[in-house]
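Understanding the architecture of this molecule
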Amino acid sequence: MPAIARHIQQIKDTLPSGVRLVAVSKTHPASLVQEAYEAGQRIFGESRPQELTQKAAHLPSDIEWHFIGHLQTNKVKQVVGLARLIHAVDSERLLLEIEKEAAKRALHVACLLQVHIAAEEAKFGFSPDELHHLFAQIFFSKTPHVQLAGLMGMATNTDDHKQVSREFRGLKHLFDQIKQTYFAGEASFCELSMGMSGDYRLAIDEGSTLVRIGTAIFGER
Ligand SMILES: *Cc1c(COP(=O)(O)O)cnc(C)c1O
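Bear in mind the structure is a predicted one, so any value in this text is a computation, not a measurement.

Quick word on the overall build of the protein chain
Of the regular secondary structure elements, the protein chain holds 9 helices and 8 strands. Taking the principal axes of the C-alpha coordinates as reference, the protein chain spans close to 55 × 45 × 35 Å. Evaluated residue by residue, the protein chain yields a buried proportion of 49% over its 221 residues. Partitioning the intrachain contacts of the protein chain with sequence separation of at least 6 by distance along the chain shows that 59% fall at a separation of at least 24. Of the roughly 10,800 Å² that the protein chain leaves accessible, carbon and sulfur atoms contribute 50%. Within the protein chain, one finds 24 positive and 26 negative side-chain charges whose respective centroids are separated by 4 Å.

Concerning the packing of aromatic side chains
Across all of its chains, the model carries 7 aromatic pairs by this definition. Ring geometry for phenylalanine 135 versus tyrosine 182: centroids 4.6 Å apart, planes at 20°, classification stacked. Within this pair, whereas phenylalanine 135 is found in helix α6 (residues 128-136), its partner tyrosine 182 is found in helix α7 (residues 161-182), the two being separated by 47 residues in sequence. A relative accessible area of 32% means that tyrosine 182 is categorised as partly exposed. The rings of Phe135, Phe139, Phe140, Phe175, Tyr182, Phe183 and Phe189 are connected pair by pair, giving a single aromatic cluster.

Some points on the nonpolar core
One finds Ile86, Ile98, Leu113, Leu131, Leu151 and Ile217 to be the most contacted residues of the largest nonpolar core, which totals 61 residues. Ranked by residues supplied to this core, first place goes to α7 with 6 residues. Those residues in contact with leucine 151 that sit more than four places away from it in its chain are Leu112, Leu113, Val115, Leu131, Leu171, Leu174, Phe175, Phe189, Glu191, Leu192 and Ser193. Counting residues in hydrophobic clusters, the runner-up holds 11 residues, among them Val22, Ile43, Ala110 and Met152.

As for the pairing of strand β5 (residues 109-116)
Most of β5 is tucked away: 7 of the 8 residues are buried. As paired strands, strand β4 (residues 85-89) and β5 are joined by 3 bridges and run parallel to one another. Of the residues in β5, the one forming a bridge with leucine 85 is alanine 110. A crossover connection joins β4 to the parallel β5 through helix α5 (residues 92-104); in handedness this β-α-β unit is right-handed. Summarising the sheet, β5 and strand β6 (residues 146-154) pair through 8 bridges and their orientation is parallel. When the sheet's bridge partners are listed, glutamine 114 is paired in β6 with methionine 152.

Focus: unusual backbone geometry
The phi torsion at threonine 27 lies on the positive side, around 70°, for a residue other than glycine. Notably, isoleucine 138 is not glycine yet its phi reads approximately 50°, a positive angle. By secondary structure assignment, the location of isoleucine 138 is in the loop between α6 and β6.

Some thoughts on α6
Where α6 is concerned, the buried positions are Leu131, Leu134 and Phe135. Take α6 and look down its axis: the buried residues cluster within an arc of 95°, on one side only. Counted as exposed and oriented over 90 degrees from the buried face of α6: Asp129 and Ala136. Residues of α6 that are buried make contact with α5, β5, β6 and α7.

The rules we used
Residues numbered from 1 in each chain as written. Predicted model: local features only at pLDDT ≥ 70, side-chain atom pairs only at ≥ 80, totals over all residues. Heavy atoms only, no water. Helix = DSSP H or I, 4+ residues; strand = E, 2+ residues; numbered from the N terminus. Buried < 20%, exposed > 50% of the residue type's maximum accessible area, 1.4 Å probe, protein only. Contact = heavy atoms within 4.5 Å. Areas by Shrake-Rupley, 256 points an atom, 1.4 Å probe, with all protein chains shown as cover. Lys, Arg positive; Asp, Glu negative; His and termini not counted. Charge placed at Lys NZ, Arg CZ, Asp CG, Glu CD. Phe/Tyr/Trp six-rings, centres within 6.5 Å; stacked < 30°, edge-to-face > 60°. Core = buried A, V, L, I, M, F, W, Y, C linked by side-chain atoms within 4.5 Å. Pairing = 2+ DSSP bridges. Right-handed = clockwise from strand over helix to strand, strands pointing away. Arc of directions from axis to C-beta.

Here it is as structure tokens:
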């Protein structure tokens, strides 16, 4: 079996039912995506709008593309309508821009809100307080074309497994709180995107539903 197919199989064998694999293909050529596709993989994650657009144009149309990276507001047009799920929505400004573009095209765009959970300097993502504040001020009544599907986060890049697990557990707790408070009885708020090549096993133990794995499938970038 070719390496990519073998890696995908090995990862899938460890995923509990209900956890989906996003194969992160950023920087890798379309030929490797095709190889993963032929091994049965259908969900792929990209983090640059232009790369996503180019790959999508050349690869099978039943691929489910996810946009996993930081999305700049001026690139929203390239991603809306192409990505089935936007994982890392990290500001009100971006939410409003996605709303504007989705409304223009009469689409509903599934999005996850990125939460900053790592001990490292906050670059992107809402703090838990900011997130509660967004919901409390009924912000999402302004974004009817954004379908909030859950939360996403990245743990600290460290060998300290206890710390990583604690951060994932915190995100799961926040997810449960928000789901109970604002989405009670609604099935649509259901995704918790956490876990990468180095920490996805820990993330699954803490309740991840989407793992974003690149290196462990395609090798080093
Ligand atoms: C690149 C990337 C990944 C994949 O990371 P690996 O360590 O290669 O598995 C996951 N999530 C995000 C947001 C990324 O940018």
